[in-house]
Amino acid sequence: MNKNLLTAVGALALSASLAAPAMADKTKFDFWFGLTGDLAQRVGEVCQHFNDSQADFEVVCTSQGNYDQTLQNTIAAFRAGNQPTVVQVYDVGTATMMLSGAYYPANKLMAENGYTVKWDDYFPGIARYYAASNGDMYSFPFNSSTALLYWNKADFAKIGKTEAPKTWEEAAEDMKLLKDAGSACPMGINISANESWQLLEQFSAIHNEPVATKDNGFGGLDTELVFNKTKFVKYVTDLKSWYDQGLVKIKAKETGKTFVEAFAAGECDMMMTSVGDHGTVAKIAVPGLDWDVAELPVYAGTERKNSLVGGASLWVLAGKSPAEYKGAAAFLNFIAQPEQALFWSTVTGYIPVTKSGFDYMKAQGFYDKPPYTGREVAIASLTASEPTPITRGVRIGNFTQIRAEVSNGLQEIFANNKPVQEAIDGVVERGNALIKRFADTYPGKTLP
Amino acid sequence: MVRGPRSVPGAATASAPVARPRPQTNDKRVYFENRWIGIAFVVPQVLLIFTFFYWPAAQAVYWAFTLEQPWGGGNTWVGFNNFAAILRDPVYWNSIVHSFVFAVASTGSAMGIALLFALLVDRQLLGYRVFRAVLAWPYAIAAPALGLAFRFILAPEAGFFAVFNRIWPGVWDPTLDGNDAMIAIIITFAWKYLGYNFIFFLSALQGVPRALLESAAIDGAGFFKRARYIQIPLLTPTIFFLLVINITESFQDSFGIVDIMTSGGPARATELMVYKIYFDGFRGLDYSGAAAQSIILMLLVIGLTIVQFRYIERRVHYT
């Protein structure tokens, strides 16, 4: 009976979509995203390209503010039954989405609407971050990035170096030399919740150190944080001692300039941030700034692993009509085309998410032209190794709050309120309580 | 979300006790012949309050006793566990202490400075008309915009306060020094409410009979004596009203400023109760924990208001 109903609805939808061009009445569907400013305009252009490309569907793209606000608004809309068809959800929202029961799996959607997606065309580091444990992808990676080391070539030349440091030992030496050569800020960092991404998550991945048990949470909701027992402790100890020596400076909006602005102004010689900022630095850099990007340093003797993907993916929500799903499938298919990847990566700073997109961009000579030269380092960093169970990603509930705990712990350390180990132990203890609370909220449920 | 008495400027003006003889309202009271007309006038308002206040508040109370899944997939009854977890958490008590420090300091400075300014403007010194208009403006600025402006002004490396760091390096650093960060949000909040308080103080001062001030002046009372013995005693109803409003608002209206300026940091030094509710509920999607915190905050604000009415209002003399 249910099957009959589905068939009937499907047939109805099919006839509706067939009749659509004749009626010149396009099926409209909503896409909510969490980017603002210049990036929001770029998403608007992608939507416009899609609407111009065919006559059956019209996507209505609306920015809902930042990632957090988009998720809040979507949840409110879903609870009221007015949810959009497609929504952009940031990386750490993946665990919440998977347990929500509010989505329509992307792989199922594409198969039902007659699209064959070459899932293995996605870079493994990107695909596995967003995939369920069986490898099925329930959402489409959209804007992806990873963390890189940005370095000022001109200032490094003053200390006789032509390459960025590859190890932290080398970086420490370089920072001392840079300081002696008169640099006021050999490296700019910040320790707000956002930087947990660079300092904890990316660091742990490339060193193949776990953030939490059960493969960083991919193996179950009953995971526990363990980064108070890994190389992360040494890393924070070093950062603090470099800070005390004046080698590392805190640059944040509260001090006057973010580290990205301070780097672009030529004040800081190094910083660690997303490849997504590559375009920003090129745009706001003081004239003549000679800079480049490199992979994040590792401690000597470490076998480098792949860095983590950051950014967001597109989820299709439950409870929409077959016609809207058909439109959503067409849209997701459209943005996965290599030409769109080239456009998107050119106007933003995000990286292509598929091998074919990357190859297409290479063939077009994208990476040979300044200011795009250097962005291929992000791909090299993401594909430095096959993802291990630990470098696949981090899938932990309440992770937004855990990032805030990490930030609080780092601030305690940098303000000399607590010694390193004690502060990180505290972060882990409070973080584990948050994980437990998340698991209690979803009794009897498991991550797919 | 919990909402206490709000300071809608228009409504507040109407109810603000001002030191002047009460109008004899009894003579002007209007009666409806038919009581149903009266009820009909009240119904839309009651419906609005029910839909937008009581119903959501009741839902928050329900969530506070459950673990609610953010997407509405279901919830589990946990009784008082949410409250127990919060009250057992030293970090939460920390946020209560910070909220009180913030409330006392920001209310004290906002009211003290506003009173001083109002007394000066009331003296009709040169340019008082300009000051009277300009000093009311800060209240019209939205908290996030204000936070952005003060974040720049108070930035240790680039803002106006950078001057102090140039003289004494490292003396001002709200990024890592918790006390400096607390001072920063207090300054910002006080600046906003200074304008609000100023309007009320000034209008109340203008209700003080000129004859009293003039005769005191003839008797040789200077500016401070006149303020101390004549104006401030006559302002007690206004001071009390503003005290209740400022304390209540400092518990509720501060999260926009905290969010933009410090995000509760460094190391939780500016994590006020209302910011923690916002962060846990909206950013962290812990609806139940945030609902329980909201109820605690609501009870606290109600309790504070009762205390103020019982113990402070006794000293207020309405004319």
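Only a predicted model underlies this, so the values are computations on that prediction, with no experimental measurement involved. (Residues numbered from 1 in each chain as written. Chains lettered and ligands numbered in written order. Predicted model: local features only at pLDDT ≥ 70, side-chain atom pairs only at ≥ 80, totals over all residues. Heavy atoms only, no water.)

Some words on the overall build of chain A
Using the following cut-off: Think of it this way: any DSSP run of H or I at least four residues long counts as a helix, any run of E at least two long counts as a strand, and we number them from the N terminus. For every residue, the accessible area (1.4 Å probe, protein chains only) is compared with the maximum for its type, and the residue is labelled buried under 20%, exposed over 50%, or partly exposed between those bounds. Any two residues whose heavy atoms approach within 4.5 Å are treated as being in contact. Accessible areas in this description were obtained via Shrake-Rupley with a 1.4 Å probe; residue shielding takes into account the shown protein chains only. For the purpose of charge, His is not counted, nor are the chain termini; Lys and Arg are scored as positive and Asp and Glu as negative. One atom stands in for each charge, and that atom is NZ of Lys, CZ of Arg, CG of Asp or CD of Glu.
On a plain count of helices and strands, chain A comes out with 19 helices and 11 strands. Taking the principal axes of its C-alpha atoms as reference, chain A extends roughly 75 × 50 × 35 Å. When the 448 residues of chain A are sorted by exposure, 60% land in the buried category. Considering only contacts within chain A whose residues lie at least 6 apart along the sequence, 78% involve residues at least 24 apart. When the accessible surface of chain A is split by element, carbon and sulfur atoms take 53% of a total near 17,100 Å². With 40 positive and 49 negative side-chain charges, chain A shows a spacing of 3 Å between the two charge centroids.

Digging into the confidence of the model for chain A
Detailed reading of the predicted model is not advised wherever pLDDT is low. Put simply, the test is: What pLDDT expresses is the predictor's confidence in each residue, scored from 0 to 100.
Per-residue confidence for chain A gives a mean pLDDT of 89; residues scoring 70 or more make up 95%. Per-residue pLDDT, averaged within each element of chain A, yields its smallest value for helix α1 (residues 2-23) of chain A (48) and its largest for helix α11 (residues 231-244) of chain A (96).

Overview of the interface of chain B and chain A
Put simply, the rule reads: When two components associate, each loses some accessible surface as probed by a 1.4 Å sphere; the sum of these losses over both components is called the buried area. The salt bridge definition used is simple: a Lys or Arg side-chain nitrogen within 4 Å of an Asp or Glu carboxyl oxygen. Identification of polar contacts relies on pairs of N or O atoms within 3.5 Å, with a donor-acceptor requirement for protein atoms, meaning one able to donate a hydrogen and the other able to accept it, and with residues adjacent in sequence counted only if both atoms are side-chain atoms. Residue type decides the class: Asp, Glu, Lys and Arg count as charged, Ala, Val, Leu, Ile, Met, Phe, Trp, Tyr, Cys and Pro as nonpolar, and the leftover types, Gly among them, as polar.
At the junction of the two partners, chain B supplies 35 residues and chain A supplies 38 residues. The largest share of the area that chain B buries against chain A comes from W71, L176 and R268 of chain B, three residues that together contribute 27% of it. Viewed at the interface, chain A and chain B are joined by 6 salt bridges. A salt bridge links D68 of chain A to R283 of chain B; the nearest nitrogen and oxygen atoms lie 2.4 Å apart. Joining chain B to chain A, the criterion identifies 15 residue pairs in polar contact (both at pLDDT 80 or more). Those elements that provide at least two residues to the side of chain B that touches chain A are β1 (66-68), α11 (255-261), α12 (273-283) and α13 (287-312) of chain B. When its residues are assigned to classes, the side of chain B that touches chain A shows 17 nonpolar, 10 polar and 8 charged.

Here we look at the state of the cysteines
Joining two cysteines, a disulfide is a covalent bond between their sulfur atoms. Residues and elements named next belong to chain A. Heads up, the rule is: Note on disulfides: each one is a pair of cysteine sulfur atoms within 2.5 Å.
Scanning the entire structure with this criterion turns up 2 disulfides over all chains. In this model C47 forms its disulfide with C61; the gap between the sulfur atoms is 1.9 Å. Since a negative S-S torsion denotes a left-handed disulfide, the C47-C61 link at about -100° is left-handed. In this pair, C47 sits in helix α2 (residues 37-53) while C61 sits in strand β2 (residues 57-63), placing the two residues 14 residues apart along the sequence. Of the residues examined, C47 reaches a relative accessible area of 4% and is grouped as buried.

Re the pairing of strand β9 (residues 268-274) of chain A
All names here are of chain A. The line we're drawing: Any two strands between which DSSP finds at least two bridges are classified as paired.
The element β9 is largely enclosed, with a buried count of 7 among its 7 residues. By the bridge criterion, 5 bridges tie strand β6 (residues 147-152) to β9 in an arrangement that is antiparallel. Among the inter-strand pairings, Y150 is bridged to a residue of β9, identified as M271. In this structure, strand β7 (residues 185-189) lies alongside β9, joined through 3 bridges in parallel fashion. Within β9, the position partnered with G188 by the bridge is M271.

Description of the pairing of strand β1 (residues 27-33) of chain A
All names here are of chain A. The condition is simple: Handedness of a crossover: with both strands directed away from the viewer, a clockwise path from the first strand across the helix to the second marks it as right-handed.
Among the 7 residues in β1, 5 count as buried, and that is most of the element. Two strands pair when backbone bridges link them, and β1 and β2 are joined in this way by 7 bridges, in the parallel orientation. For D30, the partnering residue across the bridge sits in β2 and is V60. Handedness of the crossover joining β1 and β2 through α2: right-handed. Of the strand pairs in this sheet, β1 and strand β3 (residues 86-90) are connected by 2 bridges, and their pairing is parallel. Its bridge partner being in β3, F31 is matched across the sheet by V86.

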